[in-house]
Every structure is written in structure tokens, then in C-alpha cells.
Amino acid sequence: NAGVTQTPKFQVLKTGQSMTLQCAQDMNHNSMYWYRQDPGMGLRLIYYSASEGTTDKGEVPNGYNVSRLNKREFSLRLESAAPSQTSVYFCASSEGPTNTEAFFGQGTRLTVV
Amino acid sequence: GESVGLHLPTLSVQEGDNSIINCAYSNSASDYFIWYKQESGKGPQFIIDIRSNMDKRQGQRVTVLLNKTVKHLSLQIAATQPGDSAVYFCAENRGTGRRALTFGSGTRLQVQP
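Definitions and limits used
Residues numbered from 1 in each chain as written. Chains lettered and ligands numbered in written order. Predicted model: local features only at pLDDT ≥ 70, side-chain atom pairs only at ≥ 80, totals over all residues. Heavy atoms only, no water. Disulfide = S-S within 2.5 Å. Helix = DSSP H or I, 4+ residues; strand = E, 2+ residues; numbered from the N terminus. Buried < 20%, exposed > 50% of the residue type's maximum accessible area, 1.4 Å probe, protein only. Salt bridge = Lys/Arg side-chain N within 4 Å of Asp/Glu carboxyl O. Polar contact = N/O pair within 3.5 Å; in protein donor to acceptor, adjacent residues only side chain to side chain. Contact = heavy atoms within 4.5 Å. Buried area = accessible area lost by both parts, 1.4 Å probe. Pairing = 2+ DSSP bridges.

Per the stated rule, a full pass over the model turns up two disulfides over all chains. Each disulfide pairs two cysteine sulfurs, and for A:Cys23 the partner residue is A:Cys91, the sulfurs being separated by 1.9 Å. Between A:Cys23 and A:Cys91 the sulfur-sulfur dihedral comes to about -75°; the bridge is accordingly left-handed. With A:Cys23 in strand β3 (residues 19-25) and A:Cys91 in strand β9 (residues 87-94), the pair connects residues that are 68 residues apart, well separated along the chain. On the accessibility criterion, A:Cys23 (2% relative accessible area) is buried. In this model, B:Cys23 is linked to B:Cys90 through a disulfide, with the two sulfur atoms separated by 1.8 Å. When the S-S torsion is 50°, as for the bridge of B:Cys23 with B:Cys90, the disulfide is right-handed. Of the two residues, B:Cys23 is situated in strand β3 (residues 19-25) and B:Cys90 in strand β9 (residues 86-93); the sequence distance between them amounts to 67 residues. We classify B:Cys90 as buried; its relative accessible area is 0%.

So, in C-alpha cells, the structure goes:
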């Protein structure tokens, strides 16, 4: 099993460009998450999807949109990238929305210049 | 506001010693806690979890202690090895209605040979 797979691993964008970060999991998990991690800090929740067909805002949703394409895939879109969105983005999945371990992908390092 | 935090940003220990990493939380509704290990350039990896109906849980070389009276969580690593060098995060699930983990800012563990 691959677990949680994120693409791309690295990306450089110019301010104002758009892009979509892809995430797929093969563990048949119901819940999926997008976090961002800034240098020297913990992970902050951007959006999550408790189950297929639902999405909800997390702690820092501004400037992002998400799509739960199916049970396996959960994408994060930046419509107009800003330097403040330079960060490492992690996708995660868990069996259920509460009280279960979340499994993380390897991250996407995004730089906006 | 309510948050998960850590007492020490960096902990340096000698190889073979025991390590203790601490975490404070302020939300009494939190009912599930996880410790994650993050090595450089990688996503967080699950170490151990504990539910609020427990005080202690042991894994292989790791023990998590939960003191609900003072809202304190600790991770003990026995016979610390160089491979334990990483950033350690505690995360909490804040109970009903909060459907994702909230992370603290992390503690860097440095193991000196």
C-alpha cells in the first residue's frame, strides 16, 4: 500500500498564478485533511472532508478551495497564489472524523515568489 | 484562545538516556491525543495515542502519560537513540463537533552520540 500520496513534491509559483495540489489515499479512509506547516511551527488545518461529499473549513481556509473528488482523492486549489502561501502542505487521511489516527503524505513544498 | 502548546522548543539528550517531551492543553473537552514524530523533509508519523479515559499507555520504548487534572501530556522515550532525533508534535481532538486534530508547535529532540 502506498498510503497517502501527494503531487507534486515541489512547486514554485509566481504571485497570482493558480495551481492544484493533488492527494490520494488507498486505505479506504472516510476522512481527509489538508494542513499547512510554516517553518518552526506546527500544522494548521486548512480544510477537511469528514466523508465523501462533504467539506468544511479549518483554521486557515482563506485563499484556498478544496474538492473531494471521490473517496480516494482530495485536492487543494490556490486560485491566486500569494507569497504568504509559501509553506509545506500536507494531506492526511483517517478512518473516521474523530478519535482516530491520521496518516500523512510526504508533503508538497510550495514557494510563491 | 484555546490551544495545544509545548514547554520546550528544543531538547538535547545523550544517547542511551531517557527523554521526556511535554505538552499542555487547555480544552477540557479534548478526548483523544496523539504524539507524532516528524523527521526532516518528511510527513508526521504516528508514534502513540491515548484516549481521555486512560492515564498511561505504553508502546515499544515509548510511554504517553495523560494528566487530565492539570491538562498535561508527556511522551517518554526510553534509551534514546540517534534515530529518535526529530521534531515531536502532540495533537488533540477537541471532542464532539471538532472533526480534525489540532497540533501543537513541536519540540525538537536532538540526540547527542
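This next bit is on the pattern of salt bridges. Within the structure shown, the criterion is met by seven salt bridges over all chains. Here B:Glu39 makes a salt bridge to B:Lys42, at a shortest N to O gap of 3.8 Å. Accessibility expressed as a relative area gives 39% for B:Lys42, which makes it partly exposed. Here B:Arg61 ties to B:Asp84 by a salt bridge, and the two come within 2.9 Å at their closest N and O atoms. Of the two residues, B:Arg61 is situated in the loop between β6 (56-58) and β7 (62-67) and B:Asp84 in the loop between β8 (72-77) and β9; the sequence distance between them amounts to 23 residues. Through salt bridges with shared partners, one network takes in A:Arg36, A:Asp38 and A:Arg44.

Residue and element names in this part refer to chain A. Tracing the backbone shows Thr-108 in strand β11 (residues 108-112). Residue Thr-108 is classed as buried on the basis of its relative accessible area, which comes to 0%. A distance of 3.4 Å separates a polar atom in the side chain of Thr-108 from a polar atom in the side chain of Gln-6.

This part takes up the interface of chain A and chain B. Each partner contributes residues to the interface: chain A has 20 residues there, and chain B has 20 residues. Carbon and sulfur atoms make up 53% of the area that chain A and chain B hide from each other, which totals about 1,700 Å². Counting the contacts that link chain A with chain B gives zero salt bridges. Taken together, chain A and chain B are joined by four residue pairs in polar contact (both at pLDDT 80 or more).

This part is about the environment of A:Ser75. Residue and element names in this part refer to chain A. Position of Ser-75 among the secondary structure elements: in strand β8 (residues 74-78). Exposure remark for Ser-75: the relative accessible area of 8% places this residue in the buried category. C-alpha of Ser-75 to C-alpha of Cys-91: the two residues are 16 residues apart in sequence and 8.9 Å apart in space. Among all residues touching Ser-75, those that are not within four sequence positions of it are Thr-20, Leu-21, Gln-22, Trp-34, Asn-65, Val-66, Ser-67 and Leu-69.

Residues and elements named next belong to chain B. Alternating residues of strand β11 (residues 107-112) divide into Thr-107, Leu-109 and Val-111, all buried, and Arg-108, Gln-110 and Gln-112, none buried. Note that strand β2 (residues 10-14) and β11 share five bridges and pair parallel. Across the sheet, residue Ser-12 finds its bridge partner in β11, namely Gln-110. Where β9 meets β11, three bridges bridge the pair, whose relative direction is antiparallel. Bridge assignment links Tyr-88 to a residue of β11, and that residue is Thr-107.

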